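So the chains spell out like this:
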Amino acid sequence: MIDFLIRKSKEILSESESFSIGKSEFDTVETVGDTRLFLPDRTRFQRVECPDRTVLIIGDIIGVPARGELTDKEPENFLKDYPGFYYLVILSAGEVAVYSSLFGILPVYYSHANGEVMVSSRAGFIKSRLRERVNPNKQWILERILFNHSLDSETPWEKIRQLPVHHSLLIHNGKVSSEKYLAIEDCFTDRPKPWRQSLGPMAELFSIRCRHYFTDDANRISFTGGFDGRTLLACALGNQVPVKTYSFGSSRNPDITIPSGISKKLGISYTPFYLDQPDYLDEWLSMGQEMVDRCDGNTSFLHVHYLYSSRKQRGKEYLITGMFGSELLRALHVSGQVTSRPLVDFFIHDDPEVWRGMIRDSQRLDYLRLEDFQEELETLWGKLSKLKDESRGLGLSRNQCFYKFIFEETFRKVFGNFIVPQMHYAPVRAPYLDFAFIRELLQTGLAGANNEFFTHNPVKRAKGQVLYARIIQQNYSPLSGELNDKGYRPSALLSPFGKFSIGWGWAGKRLKRRFHPADYDNLGILSAMNKYRPFFERLDLPNYFNIVNIREILADTSWCYDILQRDNLLRSLSLAWYLDKDSM
């Protein structure tokens, strides 16, 4: 639905060149001079012919742009005005320009070798068309293991790069360049508006902006035990938008039990996708392979449930996700699948010797043959030092530096790799990533970027929760009285006893952890790993992995009760599978 490949070459090609990559059949859609644009037949696109250029919009754009907007507006202003997940490709005589929609959720990869330029939605497509052997990129491997995602332009393969966020890719006269058109730090402020005074205006703004993300008849909202999806559901019901809901998890997961109970009580259409059932586990391995492959190794088997839910809902309906809401509105305070511990250590400490030592001592590096990565480690120290220096030069607070990184790197390289595979089955929309909303939010004390750095105080982190509560109350109040997965109701946050409710819920959750065993299989990951353990045991691990250590960890069942070790193990195995599969 979103794949493309552009080839600019002086080699004479037929007007109707076509080829296949894996299961995808590519045909020539547009030819301008020595440039060809190829699309698979399932890719969704709009073509607009302008006097001096041809413009293609690939993916899901929200709104219907007039022809004049594509000729009169600068592309960067067009991207700000039209949300959605899409590519903007502009073809004219002698020049090609490629943009990803704001925040770069859809990746742009490119290569320039032997007089030929290729640009694509997937690095694997470019690799398959290059006429020379391409080696794995050890810098990417190191950064993926340490930080959950690579830094800047690194990709799995040497000679292939990824376009930085909020940059255009320009090909002119055989030369490739990129230009930055938006700096998210320009939206930050040193003097945010008081959060209580901002509640009403921000609730109203989000309610208005959210309406643009709904269609007239085909909306499926991810409705879980938290407030992200519940707030979107309230906006839909308040605007009388036809809506269905869904969530995924084991049958005992609060992300299933809570929305299921609320839906029955309020008469809301709801579909659970159970991750502890045979049909899911039987398909888990093949879906995991598909997901990792579609993301060019930038995700792992930990996140198969996202692909599963979209495949179950494939068709014309739009998936409305609550992703990005918590990260925007609540100060990030834990490391894990979104922000790794080594990354947090880097932002906490200013002394290079301290953060280098903590990164070097990370257990994540136990999965690599570190003696083979000394050059890459030196490159990494240089990258991180440069990042520190640039942040100081901008005069940002520690938390703002952290959030700049989250906006520019983590959003697209973590959440983007949950969304991209889903987009092949159903268009995905994320109302919280609306630029008009984010720009205003960052001017208020409600934004996580304007909170204390990595605060664990539940009351200080709850400002964003209060905004959720205000939006829910304003749009569909029956949802305000229902408990969330932390043990309190949205309505309680709007009362004088709101802080007490948060504290009580926080204390209750900690008490429950002490007396009730943790559910380590609430997403079916342990069941799936045990089912397919023989597959992972037979996996041919590349030499730069610590093969002996990985085999020992896999053979020991302690990872079943250690989430961090489980995640590190499966992340490494996923990465090894991808590199081995695509190494030829």
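Our structure's up above, just so we're on the same page.
Given the structure is predicted, the values throughout are model-derived calculations rather than measurements.

**Focus: the layout of surface pockets**
- Its boundaries defined by the atoms lining it, the second largest pocket holds a volume of some 720 Å³.
- In terms of lining, the second largest pocket is formed by 28 residues, of which the most central are Lys-23, Ser-24, Arg-122, Asp-293 and Arg-294.
- Of all the elements in the fold, those that place two or more residues in the lining of the second largest pocket are strand E3 (24–32), helix H3 (123–129), helix H8 (278–294) and helix H22 (563–581).
- Here the element with the most residues in the lining of the second largest pocket is H8; it accounts for five residues.
- In terms of residue class, the lining of the second largest pocket is built from seven nonpolar, eight polar and 13 charged.

**Here's the deal with the sheet that holds strand E13 (residues 175–180)**
- Read from one edge to the other, the open sheet built from six strands follows the order E5-E6-E7-E8-E12-E13, with strand pairing classed as antiparallel. The sheet terminates laterally at strand E5 (45–50) and E13, the two strands that pair on one side only. Shown here is a sheet whose adjacent strand axes are inclined to one another by a mean of 15°, direction ignored.
- Where strand E8 (residues 95–100) meets strand E12 (residues 167–172), four bridges bridge the pair, whose relative direction is antiparallel. In the strand pairing of E12, Val-96 is matched with Ile-171.

**Topic: empty space enclosed by the protein**
- Applying the stated rule across the entire model yields six cavities of 30 Å³ or more.
- Approximately 140 Å³ is the volume attributed to the largest cavity.
- Along its surface, the largest cavity is lined by 17 residues, and Pro-83, Gly-84, Tyr-213, Leu-433 and Asp-434 are the ones closest to its centre.
- Counting residues per element, the ones that place at least two in the lining of the largest cavity are helix H2 (75–81), strand E7 (84–92) and helix H15 (435–441).
- Residue composition of the lining of the largest cavity, grouped by class: 11 nonpolar, two polar and four charged.

**Observations regarding the nonpolar core**
- Counting 186 residues, the largest nonpolar core has Val-119, Trp-284, Phe-324, Phe-407, Leu-467 and Phe-545 as the members making the most contacts within it.
- Broken down by element, the residue count for this core peaks at 12 residues, all from helix H14 (residues 398–422).
- Non-local contacts of Val-119, meaning those with residues more than four positions away in its chain, are made with Phe-4, Leu-5, Ile-6, Val-98, Val-108, Tyr-109, Tyr-110, Ile-126, Leu-169 and Ile-171.

**Details of the packing of helix H9 (residues 304–312) against H14**
- Following both chains from N to C, one finds H9 and H14 inclined at 30°, their axes separated by 8 Å at the closest point. Classed by the angle they form, the pair H9 and H14 counts as roughly parallel. By crossing handedness, the relation of H9 to H14 is classed as right-handed. In this structure, H9 contributes Tyr-306, Leu-307, Ser-309 and Ser-310 to the contact, and H14 contributes Phe-418, Pro-421 and Gln-422.
- Looking at the contact of H9 with H14, its residues break down into four nonpolar, three polar and no charged.

Cut-off values and rules
Residues numbered from 1 in each chain as written. Predicted model: local features only at pLDDT ≥ 70, side-chain atom pairs only at ≥ 80, totals over all residues. Heavy atoms only, no water. 1 Å grid on protein atoms, 1.4 Å probe; cavity = no way out; pocket = protein on both sides within 12 Å on 5 of 7 lines; lining within 4 Å. Points joined across faces, edges and corners; volume = space filled by probe spheres on them. Helix = DSSP H or I, 4+ residues; strand = E, 2+ residues; numbered from the N terminus. Nonpolar A, V, L, I, M, F, W, Y, C, P; charged D, E, K, R; others polar. Pairing = 2+ DSSP bridges. Axes fitted to C-alpha atoms, helices over the stretch in contact; angles between N-to-C directions. Core = buried A, V, L, I, M, F, W, Y, C linked by side-chain atoms within 4.5 Å. Buried < 20%, exposed > 50% of the residue type's maximum accessible area, 1.4 Å probe, protein only. Contact = heavy atoms within 4.5 Å. Parallel < 35°, antiparallel > 145°, perpendicular 65-115°, else oblique. Left-handed = near helix turned anticlockwise from the far one by under 90°.

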